[in-house]
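Observations on the model geometry
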Amino acid sequence: MSIEELIAIFHHRWSAPVLAELLRQKGSRFAALSGTLGVGRESLRRTLDSLLALGLVARNPGYGHPLRPEYVLTRRGEDAARRCAAMLAAADDDVLLRKWSLPVLAALATPARFSELRSSLPEVTPRALALALKDLRTAGLIERRVEDAYPPTAIYAATPRARKLTRIFA
């Protein structure tokens with residue numbers, strides 16, 4: 001997946017859990033998703049609207065029977081859902097569900113400076129990038145190395161554990 005696709009999918013915190021749950025249940029109703037995931041109605045509505053707009057989820061045209069799911073995955077959505085389920089199974093870090101975490105990890109395919117990361121991530125603000133880097137570093141997913149030069153330069157690199165996670169979305 002491209003960085004732009006990751007940004008679009010992970011714009012909402014609940015996108016990965018919703019996709020993984022739709023894959024597990026082979027579709028689901030709104031109330032069942034809300035109850036299973038423990039997500040509020042408004043957050044779930046915004047997440048589903050976003051996934052519908054991205055073409056990853058579709059409303060089931062045969063919905064109406066109590067046992068038929070209201071939302072199902074599209075073919076493109078099945079691929080994204082498999083990747084999200086694998087990522088959720090591989091890591092229990094809540095930090096990965098934040099908006100910029102996976103796009104930042106994807107951008108760190110090679111070690112980079114802050115300014116290089118910022119230019120490779122469209123629409124990221126300096127504050128959002130700094131917070132994402134701090135959270136990922138605290139979670140042990142990236143390393144920060146300061147080079148002894150003038151001026152000193154900080155280089156960010158993904159850890160082996162993070163590289164394993166990003167291969168899921170490659």
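Look above for the structure.
Below, the structure is looked at part by part. Quick caveat, the model's predicted, so the values are computed rather than measured. (Residues numbered from 1 in each chain as written. Predicted model: local features only at pLDDT ≥ 70, side-chain atom pairs only at ≥ 80, totals over all residues. Heavy atoms only, no water.)

On to the environment of Glu4, then. You can see Glu4 is positioned in helix H1 (residues 3-9). When the C-alpha atoms of Glu4 and Pro103 are compared, they prove to be 7.9 Å apart, with 99 residues separating the residues in sequence. (Helix = DSSP H or I, 4+ residues; strand = E, 2+ residues; numbered from the N terminus.)

The next subject is the packing of helix H2 (residues 15-25) against helix H5 (residues 75-90). The interhelical angle for the contact between H2 and H5, taken along N-to-C directions, is 110 degrees, at an axis separation of 8 Å. In terms of orientation, H2 and H5 fall into the roughly perpendicular class. Of H5, the residues touching H2 (which contributes Ala16, Pro17, Leu19, Ala20 and Leu23) are Ala80, Ala81, Arg82, Cys84, Ala85, Met87 and Leu88. Across the contact of H2 with H5, the residue classes break down as 11 nonpolar, no polar and one charged. (Axes fitted to C-alpha atoms, helices over the stretch in contact; angles between N-to-C directions. Parallel < 35°, antiparallel > 145°, perpendicular 65-115°, else oblique. Contact = heavy atoms within 4.5 Å. Nonpolar A, V, L, I, M, F, W, Y, C, P; charged D, E, K, R; others polar.)

This part covers the pattern of salt bridges. When their charged atoms lie close together, side chains carrying opposite charge are able to pair. According to the stated counting rule, one finds 10 salt bridges in the structure shown. Between Glu21 and Arg24 there is a salt bridge; the shortest N-O distance is 2.5 Å. Separated by three residues within a single helix, Glu21 and Arg24 lie in helix H2, roughly one turn from each other. Taking relative accessible area as the criterion, Glu21 reaches 9% and is therefore assigned buried. When the shortest N-O distance is used, the salt bridge between Arg98 and Asp135 registers 2.8 Å. With Arg98 in the loop between H5 and helix H6 (101-107) and Asp135 in helix H8 (residues 126-138), this pair connects stretches of sequence that are 37 residues apart. One network of salt bridges, with partners in common, ties together Glu42, Arg45, Arg46 and Asp49. (Salt bridge = Lys/Arg side-chain N within 4 Å of Asp/Glu carboxyl O. Buried < 20%, exposed > 50% of the residue type's maximum accessible area, 1.4 Å probe, protein only.)

Bringing the packing of aromatic side chains into the picture now. Going through the model one piece at a time under the given rule, you end up with one aromatic pair. Ring centres of Phe10 and Phe169 lie 5.9 Å apart, and the angle between their planes is 80 degrees; on these two criteria the pair is classed as edge-to-face. Of this pair, Phe10 sits in the loop between H1 and H2 while Phe169 sits in the segment after helix H9 (160-168), and the two are 159 residues apart along the sequence. Looking at Phe10, the relative accessible area reads 1%, which means it is buried. According to the relative accessible area criterion, Phe169 is buried, its value standing at 3%. Of note, Arg13 hangs over the ring of Trp14, and the distance from its end group to the ring centre comes to 4.3 Å. (Phe/Tyr/Trp six-rings, centres within 6.5 Å; stacked < 30°, edge-to-face > 60°. Lys NZ or Arg CZ within 6 Å of the ring centre and 35° of its normal.)

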